[in-house]
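# Coordinate inspection notes
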Amino acid sequence: MGARPLRDAQATDRFILSGAEDFFEPTMTFHGFRYAEITGLSEQEARDVEAVVVHTDLTRTGTFECSDDLLNQLHSNVVWSTKGNFLDLPTDCPQRNERLGWTGDIAVFAPSAAYLFDTGPFLADWLADLAAEQRAAGGLVPFVIPDVLKYLPDVPEFPAPDSTAFWSDAAVWVPWTLWQAYGDPAILASQYDSMTAHVRRVETLLSPAGVWDTSFQFGDWLDPDAPPDNPAKAKADPGVVATAACYRSATITAEAAAVLGRDQDAAAFRDLAARIRAAFNEQYVSADGTIVSDCTTVYTLALVFGLVDDEATAGRRLAGLVADSGYRISTGFAGTPYILDALTRTGHLDVAYRLLLERGCPSWLYPVTMGATTIWERWDSMLPDGSINPGEMTSFNHYALGAVADWMHRVIGGIAPLEPGYSRVLIAPRPGGGLTWSRAGLETRHGRIEVSWRLGDGEFTVDVTLPAGVTGVLSLPGRDDAELSGGVHRVIV
């Protein structure tokens, strides 16, 4: 049995049959599982047992498939982990004695979720809870929402809660994701006080040097090179990670203020972001472009969040580190969602595909080769011999590392918003990795967008369908960008 990772969750239901025709279904609880053990029934009776999928009723909006069956299974795993963890709130896992609304997980996964499902009302409701907990905590965004940890005895592995990079940044990153996905500024208006309170609080935590190297940090949580019993002990310097996150939140909050017409706030947050960026480069970036701790996550965050001027040098170093790792994952919760984008934007698309398609452990496809049907918490939640990772913190249904789906949707599928809500769309598929075709579709507030492409007979054929009133910018390798209007288009390169 694989029940040990449940910790002390008693995932057991006992029913006493009446002898007549009975119908039983657990109430006030739910169980996350792949396999269930049923005793006390005959083989025929056991066949009549039905497992009921339970999750918040969200409308499926985004689809993706391609010529690689393993990538299709990876994408399916992301979808099922979203379903399993979106039950009234975005939980970290549906099975062990936790099932909490961890802020760090949804901070990085929200873009993938917002493509796959209409998550607007669901996440807006959770963000209202976040703002309420934040106000009660004096501006501090708790680790989990609702903040049940405050009612429990001290958690020994963590110090007293404080603002924490990535986790607390959910207050800024999630509403911005919803604005980008659905184009309704009401989410920014309703969460604006929460967004600004978080950034202003973190500003008070910056050191005299202007970087965020104080207080507890989860950092690049679950770096595969960290000790199994100390998932926060990553290669990436926690100050580098936290300062990069702080810069991103200040930048986003400045943009949100501008959207809402709060020009004075926008200027103040832009100034704060500029000061953080200058401090980051002064404290963490050497003259030759090396970033403190010189590992994949620090270059990834510096590139994707826009912290360095010399992106070419940082991109080359990042690509070199990925090659040195044998194209296996060397990032944790902070770096993993963004590393493929960092490689892509610096001209290393081939490296990004090699990293995505690697099958050895640790990699995105290793769990797929081991039969996974959901996203695992650890890269090696199951070991190559089929045994379960001996660590206490091991889950087979955590969506955070599935944030790679966002890159798959935009770079393989070729669908990305140029303006919030997809009123203007970037159509920019970038084939690679031996893929020969892809199909992606997204139901937006304006209608359905579809992009498909195929390689064959020396030609690259792209088919695009845009709703009426939506403008697309078609960006293909080796061609000038072209503007597309609503309707059906075919381009052959």
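Computed from a predicted model, the values in this text were never measured in an experiment. (Residues numbered from 1 in each chain as written. Predicted model: local features only at pLDDT ≥ 70, side-chain atom pairs only at ≥ 80, totals over all residues. Heavy atoms only, no water.)

The next thing to look at is the environment of Pro477. Structurally, Pro477 can be placed in the loop between strand 9 (471–474) and strand 10 (482–484). Look at Pro477 and you get partly exposed, because its relative accessible area is 42%. Note: C-alpha distance between Pro477 and Asp237 (240 residues apart in sequence) is 36 Å. (Helix = DSSP H or I, 4+ residues; strand = E, 2+ residues; numbered from the N terminus. Buried < 20%, exposed > 50% of the residue type's maximum accessible area, 1.4 Å probe, protein only.)

The next subject is unusual backbone geometry. Negative phi values dominate among residues other than glycine, just as trans dominates among peptide bonds. Cis geometry is found at the peptide bond from Ile145 to Pro146, where omega equals -5 degrees. Cis geometry is found at the peptide bond from Cys361 to Pro362, where omega equals 5 degrees. One non-glycine residue, Asp88, lies in the positive phi region at around 70 degrees. Mapped onto the secondary structure, Asp88 falls in the loop between strand 2 (86–87) and strand 3 (89–90). You can call Asp88 exposed: its relative accessible area is 60%. If you check the backbone angles, Asp294 has positive phi at about 40 degrees while not being a glycine. By secondary structure assignment, the location of Asp294 is in the loop between helix 8 (263–284) and helix 9 (296–304). Judged by relative accessible area, Asp294 falls into the partly exposed class, the value being 28%.

Before going further, it helps to examine helix 14 (residues 405–412). Within an α-helix, residues lying three or four positions from one another point in the same direction, as the helix has 3.6 residues per turn. Burial within helix 14 is extensive, with seven of its eight residues counted as buried. Gly414 sits one or two residues past helix 14 and shows a positive phi near 90 degrees.

This next bit is on the side chain of Glu358. Structurally, Glu358 is set in the loop between helix 12 (349–357) and helix 13 (365–369). Here the side chain of Glu358 touches Gly360 through a polar contact of 2.7 Å, landing on its backbone nitrogen. If near-sequence neighbours (up to four positions away) are discounted, Glu358 is found in contact with Gly326, Tyr327, Arg328, Ser363, Leu365 and Tyr366. (Polar contact = N/O pair within 3.5 Å; in protein donor to acceptor, adjacent residues only side chain to side chain. Contact = heavy atoms within 4.5 Å.)

The relation between two aromatic rings is expressed through the spacing of the ring centres and the mutual angle of the planes. Applying the stated criterion to the full structure yields 21 aromatic pairs. Here Phe86 and Tyr399 contribute two aromatic rings whose centre-to-centre distance is 5.7 Å and whose plane-to-plane angle is 80 degrees, an arrangement assigned as edge-to-face. Highlighted residues: Phe86 in strand 2 and Tyr399 in the loop between helix 13 and helix 14, separated in sequence by 313 residues. You'll find Phe86 and Tyr399 in the same group, each marked buried. A centroid spacing of 6.3 Å and a plane angle of 15 degrees characterise the contact between Trp102 and Phe143, whose relative ring orientation is stacked. Of this pair, Trp102 sits in the loop between strand 3 and helix 3 (103–116) while Phe143 sits in the loop between helix 4 (120–136) and helix 5 (170–182), and the two are 41 residues apart along the sequence. Cluster of aromatic residues (ring-pair linked, three or more members): Trp102, Phe143, Trp167, Phe216, Phe218, Trp221 and Phe333. (Phe/Tyr/Trp six-rings, centres within 6.5 Å; stacked < 30°, edge-to-face > 60°.)

Another aspect to go through is the packing of helix 9 against helix 10 (residues 311–324). Where helix 9 contacts helix 10, the axes come no closer than 9 Å and their chain directions differ by 145 degrees. The way helix 9 lies across helix 10 gives a crossing that is left-handed. For the pair helix 9 and helix 10, the contacting residues are Thr296, Tyr299, Thr300 and Leu303 in the first and Glu311, Ala314, Gly315, Arg317, Leu318, Leu321 and Val322 in the second. Its residues assigned to classes, the contact of helix 9 with helix 10 comprises six nonpolar, three polar and two charged. (Axes fitted to C-alpha atoms, helices over the stretch in contact; angles between N-to-C directions. Left-handed = near helix turned anticlockwise from the far one by under 90°. Nonpolar A, V, L, I, M, F, W, Y, C, P; charged D, E, K, R; others polar.)

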